[in-house]
Amino acid sequence: MKRLAFALAGLLVLTSGLLQAAAPVPVRVQIVDERGMPVRDAVVEILSSGASTGRISFPWRMAMAQKGEQFVPGTLIVARGSTVAFPNLDRVRHSVYSFSKPAKFEIELYGRDQTRTQGFAKAGTVALGCNIHDQMRGYIRVVDTPFASKTDANGYVALDNVPGGAAQITVWHPRLRAPAGELRRDVSISGANNRHKIAVRLR
Ligand SMILES: [Cu+2]
């Protein structure tokens with residue numbers, strides 16, 4: 001009887017440990033440069049082994065506008081498989097293209113208040129340009145995780161309900177000095193370890 005009680009107690013400790021490890025936690029990540037200054041508009045993604053593989057959706061619009069001869073927002077995060085709209089809010093015509101591996105495409109000239117769409121089937125970074133306006137640069141980061149967001153002016157992202165346990169944080173920024181502008185960190189996520197500060201080098 002005593003032995004059974006011990007076994008049960010052991011089982012309880014074990015399961016509570018497992019539950020704790022897998023319990024979803026809010027995670028905050030800050031991205032800074034070599035001088036410790038916050039990096040804005042970096043894309044932070046958390047790949048977690050404990051994440052469910054359901055349909056991913058984000059609260060922002062799946063749209064990359066052209067406004068004032070710029071792409072707005074300059075960086076857009078979308079889930080793999082998304083269709084993105086490219087509304088032209090300018091008086092001038094634009095012709096959006098990408099030579100990037102995950103999505104090579106070209107949208108013929110289209111004018112004011114018109115829109116076009118493009119699908120993104122592969123994860124990765126899609127650099128956008130315009131055939132008419134050389135200075136226009138935009139980026140679509142196609143991700144495979146629901147835990148993705150852009151850093152704010154203080155370099156922070158806040159991601160909710162990230163499963164505890166082993167995970168990988170990917171940081172991407174167009175000026176990040178690393179292959180493909182990407183940096184990866186293996187981390188362990190738990191209620192006690194849910195704040196991560198990552199220093200990157202920018203060009
Ligand atoms: Cu243009």
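All residue numbers refer to positions counted from 1 along the written sequence of the respective chain. pLDDT decides what is reported in this predicted model: residues at 70 or higher carry local features, side-chain atom pairs at 80 or more are listed and counted, and totals for whole chains, interfaces and linings draw on all residues regardless. Excluding hydrogens and water, the side-chain values take into account all heavy atoms of the structure.

A.B. asks: Mind showing me how you'd approach the packing of aromatic side chains here?
C.D. replies: Any two aromatic rings considered together are summarised by their centre-to-centre distance and by the angle between their planes. Think of it this way: a Phe, Tyr or Trp ring, Trp meaning its six-membered ring, pairs with another when their centres are within 6.5 Å, and the plane angle makes it stacked under 30 degrees, edge-to-face over 60, tilted otherwise. All chains considered together, the criterion is met by five aromatic pairs. Ring geometry for Tyr97 and Phe99: centres 5.0 Å apart, planes at 45°, overall tilted. Only protein chains enter the accessibility calculation, which uses a 1.4 Å probe; a residue whose area is less than 20% of its type maximum is buried, one above 50% is exposed, and one in between is partly exposed. Taking relative accessible area as the criterion, Phe99 reaches 69% and is therefore assigned exposed. Between the aromatic rings of Phe105 and Phe120, the centroid separation amounts to 5.8 Å while the plane-to-plane angle is 80°, which identifies the pairing as edge-to-face. Linking Phe105 in strand β8 (residues 105–106) with Phe120 in strand β9 (residues 117–120), this pair joins segments that are 15 residues apart in sequence. According to the relative accessible area criterion, Phe105 is buried, its value standing at 9%. Through a chain of ring-to-ring contacts, the aromatic side chains of Phe86, Phe105 and Phe120 assemble into a single cluster. Numbering goes from the N terminus for both helices and strands, where a helix is a DSSP run of H or I of at least four residues and a strand is a run of E of at least two.

A.B. asks: What is the right way to look at the coordination of the copper ion in this model?
C.D. replies: Geometrically, a metal with four donors at the corners of a regular tetrahedron has ideal angles of 109.5 degrees, and one with six donors at the corners of a regular octahedron has ideal angles of 90 or 180 degrees. Each metal's donors are the N, O and S atoms found within 2.8 Å of it, except that Na, K and Ca use a 3.2 Å limit; water is left out, so coordination can look incomplete. Donor atoms from the polypeptide that bind the copper ion are His94 (ND1), Cys130 (SG) and His133 (ND1), placed at 2.0 to 2.1 Å. For the copper ion, the donor residues sit on a single chain with the sequence spacing H-x35-C-x2-H.

A.B. asks: Please clarify how the nonpolar core should be interpreted in this entry.
C.D. replies: One broad rule of soluble globular proteins: the nonpolar side chains tend to lie buried together. Grouping buried Ala, Val, Leu, Ile, Met, Phe, Trp, Tyr and Cys residues that are joined through side-chain atoms within 4.5 Å yields what is termed a nonpolar core. Of all hydrophobic cores here, the largest spans 23 residues; its most connected members are Ile31, Ile46 and Val200. Of all elements in the fold, only β1 (25–32), β2 (43–48), β13 (156–162), β14 (165–172) and β15 (182–189) reach the threshold of two or more residues within this core. For this core, the element with the highest residue contribution is β1, accounting for four residues. Met64, Phe71, Val78 and Leu128 belong to the second-largest nonpolar core, a separate cluster that totals 18 residues.

A.B. asks: Is there a simple way to think about the sheet that holds β8 in this case?
C.D. replies: For sheets, the rule is that strands pair by backbone hydrogen bonds, running either parallel or antiparallel. Pairing between strands is defined by DSSP: at least two bridges between the two strands are required. Read from one edge to the other, the open sheet built from five strands follows the order β5-β11-β10-β7-β8, with strand pairing classed as mixed. Where the open sheet ends on each side, the last strands, each with one partner, are β5 (75–79) and β8.

A.B. asks: How do you make sense of the sheet that holds strand β16 (residues 195–199) when you look at a structure like this?
C.D. replies: Taken in spatial order, the three strands of this open sheet run β13-β1-β16, and their pairing is mixed. Each of the sheet's edge strands pairs with one partner strand only, and the pair in question is β13 and β16. Each strand axis lies, on average, 20° off the axis of its neighbour in the sheet, ignoring direction. Note on geometry: axes are lines fitted to C-alpha atoms, helical ones only across the stretch in contact, with angles between N-to-C directions running from 0 to 180 degrees.

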